[in-house]
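# Structural features, examined
The chain contents come next:
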Amino acid sequence: VICGFFTMIGAYCYAELGCMIKKSGADYAYIFTALGPFAAFIRLWIECIIVRPCSAAIQSLTFSLYILKPLFPECEPPEEVSRLLAAACICILCYINCKDVKWANMVQDYFTYAKVFALIIIIITGFVQLGKGRTDYFTWEGTETDPTVIALSFYSGLFAYTGWNYLNFIIEELKDPVRDLPD
(Lines give C-alpha, C1' and ligand atoms only; values in the text may rest on other atoms or scores of the structure.)
Protein backbone atom coordinates (compact mmCIF):
# COMPACT_ATOMS: atom_id res chain seq x y z
CA VAL A 1 0.00 0.00 0.00
CA ILE A 2 2.80 2.40 0.90
CA CYS A 3 4.68 1.55 -2.32
CA GLY A 4 1.50 2.20 -4.30
CA PHE A 5 1.13 5.57 -2.58
CA PHE A 6 4.75 6.52 -3.41
CA THR A 7 4.21 5.42 -7.00
CA MET A 8 1.04 7.48 -7.25
CA ILE A 9 2.85 10.59 -5.98
CA GLY A 10 5.67 9.98 -8.50
CA ALA A 11 3.17 9.57 -11.34
CA TYR A 12 1.44 12.84 -10.39
CA CYS A 13 4.78 14.64 -10.29
CA TYR A 14 5.72 13.25 -13.70
CA ALA A 15 2.35 14.26 -15.15
CA GLU A 16 2.94 17.77 -13.85
CA LEU A 17 6.48 17.84 -15.28
CA GLY A 18 5.12 16.57 -18.60
CA CYS A 19 2.67 19.45 -18.74
CA MET A 20 5.36 22.01 -17.86
CA ILE A 21 8.31 20.70 -19.94
CA LYS A 22 6.87 19.54 -23.25
CA LYS A 23 9.96 17.70 -24.52
CA SER A 24 10.23 13.98 -25.20
CA GLY A 25 12.74 12.01 -23.19
CA ALA A 26 11.28 12.16 -19.66
CA ASP A 27 14.20 12.02 -17.19
CA TYR A 28 16.70 13.15 -19.80
CA ALA A 29 14.62 16.19 -20.82
CA TYR A 30 13.92 17.21 -17.23
CA ILE A 31 17.52 16.87 -16.07
CA PHE A 32 18.71 18.63 -19.25
CA THR A 33 16.42 21.56 -18.50
CA ALA A 34 17.30 21.73 -14.80
CA LEU A 35 21.00 20.78 -14.67
CA GLY A 36 22.34 20.96 -18.21
CA PRO A 37 23.56 18.55 -20.86
CA PHE A 38 26.33 16.79 -18.90
CA ALA A 39 24.09 15.65 -16.02
CA ALA A 40 21.39 14.61 -18.52
CA PHE A 41 23.92 12.59 -20.53
CA ILE A 42 25.21 10.84 -17.39
CA ARG A 43 21.62 9.99 -16.38
CA LEU A 44 20.86 8.62 -19.85
CA TRP A 45 24.10 6.65 -19.94
CA ILE A 46 23.36 5.06 -16.56
CA GLU A 47 19.84 4.18 -17.73
CA CYS A 48 21.06 2.55 -20.95
CA ILE A 49 24.14 0.78 -19.61
CA ILE A 50 23.03 -0.26 -16.11
CA VAL A 51 19.34 0.17 -15.26
CA ARG A 52 17.56 -1.27 -18.32
CA PRO A 53 19.82 -4.31 -18.78
CA CYS A 54 19.64 -5.13 -15.07
CA SER A 55 15.84 -4.87 -15.12
CA ALA A 56 15.66 -7.15 -18.15
CA ALA A 57 17.98 -9.64 -16.45
CA ILE A 58 15.95 -9.65 -13.24
CA GLN A 59 12.69 -10.13 -15.10
CA SER A 60 14.03 -12.91 -17.33
CA LEU A 61 15.66 -14.72 -14.40
CA THR A 62 12.40 -14.53 -12.47
CA PHE A 63 10.48 -15.80 -15.50
CA SER A 64 12.89 -18.71 -15.99
CA LEU A 65 12.71 -19.63 -12.32
CA TYR A 66 8.90 -19.71 -12.43
CA ILE A 67 8.91 -21.77 -15.64
CA LEU A 68 11.46 -24.28 -14.30
CA LYS A 69 10.07 -24.67 -10.77
CA PRO A 70 7.30 -27.16 -11.77
CA LEU A 71 9.97 -29.34 -13.41
CA PHE A 72 11.96 -29.42 -10.15
CA PRO A 73 9.31 -29.65 -7.41
CA GLU A 74 11.60 -31.15 -4.76
CA CYS A 75 14.62 -28.86 -5.22
CA GLU A 76 15.78 -25.61 -6.75
CA PRO A 77 16.25 -25.62 -10.53
CA PRO A 78 19.91 -25.80 -11.63
CA GLU A 79 21.35 -22.31 -11.80
CA GLU A 80 22.95 -22.90 -15.21
CA VAL A 81 19.66 -24.00 -16.74
CA SER A 82 17.86 -21.02 -15.26
CA ARG A 83 20.47 -18.60 -16.61
CA LEU A 84 20.44 -20.20 -20.06
CA LEU A 85 16.65 -20.01 -20.25
CA ALA A 86 16.76 -16.37 -19.11
CA ALA A 87 19.37 -15.53 -21.76
CA ALA A 88 17.29 -17.31 -24.40
CA CYS A 89 14.22 -15.28 -23.38
CA ILE A 90 16.15 -12.03 -23.69
CA CYS A 91 17.52 -13.04 -27.10
CA ILE A 92 14.08 -14.07 -28.39
CA LEU A 93 12.47 -10.83 -27.21
CA CYS A 94 15.33 -8.81 -28.69
CA TYR A 95 14.88 -10.59 -32.02
CA ILE A 96 11.12 -9.98 -31.99
CA ASN A 97 11.60 -6.28 -31.20
CA CYS A 98 14.16 -5.91 -33.99
CA LYS A 99 12.26 -7.99 -36.55
CA ASP A 100 8.82 -6.37 -36.59
CA VAL A 101 6.97 -3.75 -34.58
CA LYS A 102 3.66 -5.58 -35.05
CA TRP A 103 5.17 -8.76 -33.57
CA ALA A 104 6.52 -6.80 -30.61
CA ASN A 105 3.13 -5.18 -30.08
CA MET A 106 1.39 -8.56 -30.24
CA VAL A 107 3.84 -10.10 -27.73
CA GLN A 108 3.33 -7.17 -25.35
CA ASP A 109 -0.44 -7.54 -25.65
CA TYR A 110 -0.35 -11.28 -24.92
CA PHE A 111 2.00 -10.82 -21.97
CA THR A 112 -0.29 -8.13 -20.59
CA TYR A 113 -3.31 -10.43 -20.95
CA ALA A 114 -1.39 -13.22 -19.23
CA LYS A 115 -0.41 -10.95 -16.32
CA VAL A 116 -3.96 -9.71 -15.84
CA PHE A 117 -5.29 -13.27 -16.05
CA ALA A 118 -2.73 -14.44 -13.46
CA LEU A 119 -3.69 -11.58 -11.13
CA ILE A 120 -7.38 -12.42 -11.48
CA ILE A 121 -6.65 -16.09 -10.66
CA ILE A 122 -4.61 -15.06 -7.59
CA ILE A 123 -7.35 -12.70 -6.37
CA ILE A 124 -10.13 -15.25 -6.89
CA THR A 125 -8.08 -17.94 -5.14
CA GLY A 126 -7.51 -15.58 -2.22
CA PHE A 127 -11.21 -14.84 -1.87
CA VAL A 128 -12.08 -18.54 -2.10
CA GLN A 129 -9.55 -19.33 0.65
CA LEU A 130 -10.93 -16.49 2.80
CA GLY A 131 -14.43 -17.83 2.22
CA LYS A 132 -13.29 -21.23 3.50
CA GLY A 133 -11.99 -19.58 6.66
CA ARG A 134 -8.28 -19.98 5.83
CA THR A 135 -6.80 -16.99 7.63
CA ASP A 136 -3.53 -18.67 8.63
CA TYR A 137 -1.38 -15.95 7.06
CA PHE A 138 -3.30 -12.98 8.49
CA THR A 139 -1.08 -12.65 11.53
CA TRP A 140 1.72 -10.39 12.70
CA GLU A 141 3.75 -13.30 14.07
CA GLY A 142 7.21 -13.49 12.55
CA THR A 143 7.00 -9.97 11.16
CA GLU A 144 10.41 -8.56 10.26
CA THR A 145 11.52 -5.39 12.04
CA ASP A 146 15.03 -5.26 10.59
CA PRO A 147 15.35 -1.97 8.63
CA THR A 148 17.34 -3.64 5.85
CA VAL A 149 14.56 -6.17 5.24
CA ILE A 150 11.96 -3.41 5.27
CA ALA A 151 14.03 -1.38 2.77
CA LEU A 152 14.33 -4.43 0.51
CA SER A 153 10.57 -4.93 0.64
CA PHE A 154 10.06 -1.29 -0.40
CA TYR A 155 12.48 -1.78 -3.27
CA SER A 156 10.62 -4.90 -4.41
CA GLY A 157 7.26 -3.15 -4.10
CA LEU A 158 8.41 -0.13 -6.10
CA PHE A 159 9.92 -2.43 -8.75
CA ALA A 160 6.50 -4.00 -9.17
CA TYR A 161 4.97 -0.59 -9.89
CA THR A 162 7.46 0.49 -12.58
CA GLY A 163 6.10 2.02 -15.73
CA TRP A 164 4.44 5.14 -14.40
CA ASN A 165 7.03 7.39 -16.04
CA TYR A 166 7.00 5.87 -19.54
CA LEU A 167 4.30 8.12 -20.97
CA ASN A 168 6.56 11.14 -20.55
CA PHE A 169 9.10 9.67 -22.98
CA ILE A 170 6.77 10.59 -25.88
CA ILE A 171 5.35 13.84 -24.51
CA GLU A 172 6.02 15.72 -27.78
CA GLU A 173 3.80 13.24 -29.62
CA LEU A 174 0.78 14.24 -27.53
CA LYS A 175 -1.30 17.02 -29.06
CA ASP A 176 -2.61 18.27 -25.70
CA PRO A 177 -0.52 16.89 -22.81
CA VAL A 178 -2.56 18.75 -20.19
CA ARG A 179 -5.67 16.94 -21.39
CA ASP A 180 -4.10 13.56 -22.24
CA LEU A 181 -1.81 12.94 -19.24
CA PRO A 182 -3.67 11.20 -16.42
CA ASP A 183 -4.43 13.31 -13.36
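This one's a predicted model, so the numbers in the text were calculated from it and none came from an experiment.

## Let's talk about helix H1 (residues 2-20)
- For H1, with 19 residues, the first-to-last C-alpha span of 27 Å sits near the 27 Å given by 1.5 Å per residue.
- Listed as buried for H1 are Cys3, Thr7, Gly10, Tyr14, Ala15 and Gly18. Projected down its long axis, H1 carries its buried residues within an arc of 140°, all on one side.

## Quick look at the packing of aromatic side chains
- Summed over all chains, the structure comprises five aromatic pairs.
- Plain terms: the ring middles of tyrosine 14 and tyrosine 30 are 5.7 Å apart, the flat faces sit at 80° to each other, and that makes the pair edge-to-face. Taken together, the residues tyrosine 14 in helix H1 and tyrosine 30 in helix H2 (residues 27-35) connect sequence positions 16 residues apart.
- An aromatic cluster is built from Phe5, Phe6 and Phe154, whose rings are joined through pairwise contacts.

## Some details on the environment of valine 101
- Tracing the sequence through the fold places valine 101 in helix H5 (residues 101-131).
- The exposed category is assigned to valine 101, whose relative accessible area is 65%.
- The sequence separation of valine 101 and phenylalanine 111 amounts to ten residues, and the corresponding C-alpha distance is 15 Å.

## Let's talk about the nonpolar core
- Tyr14, Ile21, Ala26, Ala29 and Tyr30 form the largest nonpolar core, which has five residues in total.
- Not counting residues up to four positions away in its chain, the partners in contact with isoleucine 21 are Tyr30, Thr33 and Ile171.

## Some words on a nonpolar patch on the surface
- On the surface, a nonpolar cluster with roughly 750 Å² of combined accessible area is contributed by Phe38, Phe41, Ile42, Trp45, Ile46, Ile49, Ile50 and Val51.
- Mapped onto the elements, isoleucine 42 comes out in helix H3 (residues 37-68).

## Examining the packing of helix H4 (residues 79-99) against H5
- It is the contact of H4 with H5, at a shortest axis distance of 7 Å, that shows an interaxial angle of 130°. Judged by the angle between their axes, H4 and H5 are oblique. Of the residues in H5, those touching H4 at Leu93, Tyr95, Ile96, Asn97 and Lys99 are Trp103, Ala104, Val107 and Phe111.

## What to know about unusual backbone geometry
- A positive phi angle, near 50°, is found at alanine 26, a position not held by glycine.
- Among the structural elements, alanine 26 can be located in the loop between H1 and H2.
- The class for alanine 26 is buried, based on a relative accessible area of 0%.

## Things to note about the environment of phenylalanine 38
- Its location among the elements puts phenylalanine 38 in helix H3.
- Take phenylalanine 38: its relative accessible area is 65%, and that puts it in the exposed class.

## A look at the side chain of aspartate 27
- Along the chain, the position of aspartate 27 falls in helix H2.
- Looking at aspartate 27, its side chain comes within polar contact range of the side chain of arginine 43, at 2.5 Å.

Rules behind the numbers
- Residues numbered from 1 in each chain as written.
- Predicted model: local features only at pLDDT ≥ 70, side-chain atom pairs only at ≥ 80, totals over all residues.
- Heavy atoms only, no water.
- Helix = DSSP H or I, 4+ residues; strand = E, 2+ residues; numbered from the N terminus.
- Expected span 1.5 Å × (residues − 1).
- Buried < 20%, exposed > 50% of the residue type's maximum accessible area, 1.4 Å probe, protein only.
- Arc of directions from axis to C-beta.
- Phe/Tyr/Trp six-rings, centres within 6.5 Å; stacked < 30°, edge-to-face > 60°.
- Core = buried A, V, L, I, M, F, W, Y, C linked by side-chain atoms within 4.5 Å.
- Contact = heavy atoms within 4.5 Å.
- Patch = residues over 30% accessible without salt bridge, like charges linked within 9 Å, V, L, I, M, F, W, Y side chains within 5 Å.
- Areas by Shrake-Rupley, 256 points an atom, 1.4 Å probe, with all protein chains shown as cover.
- Salt bridge = Lys/Arg side-chain N within 4 Å of Asp/Glu carboxyl O.
- Axes fitted to C-alpha atoms, helices over the stretch in contact; angles between N-to-C directions.
- Parallel < 35°, antiparallel > 145°, perpendicular 65-115°, else oblique.
- Polar contact = N/O pair within 3.5 Å; in protein donor to acceptor, adjacent residues only side chain to side chain.

Nothing here speaks to function; it is geometry throughout.
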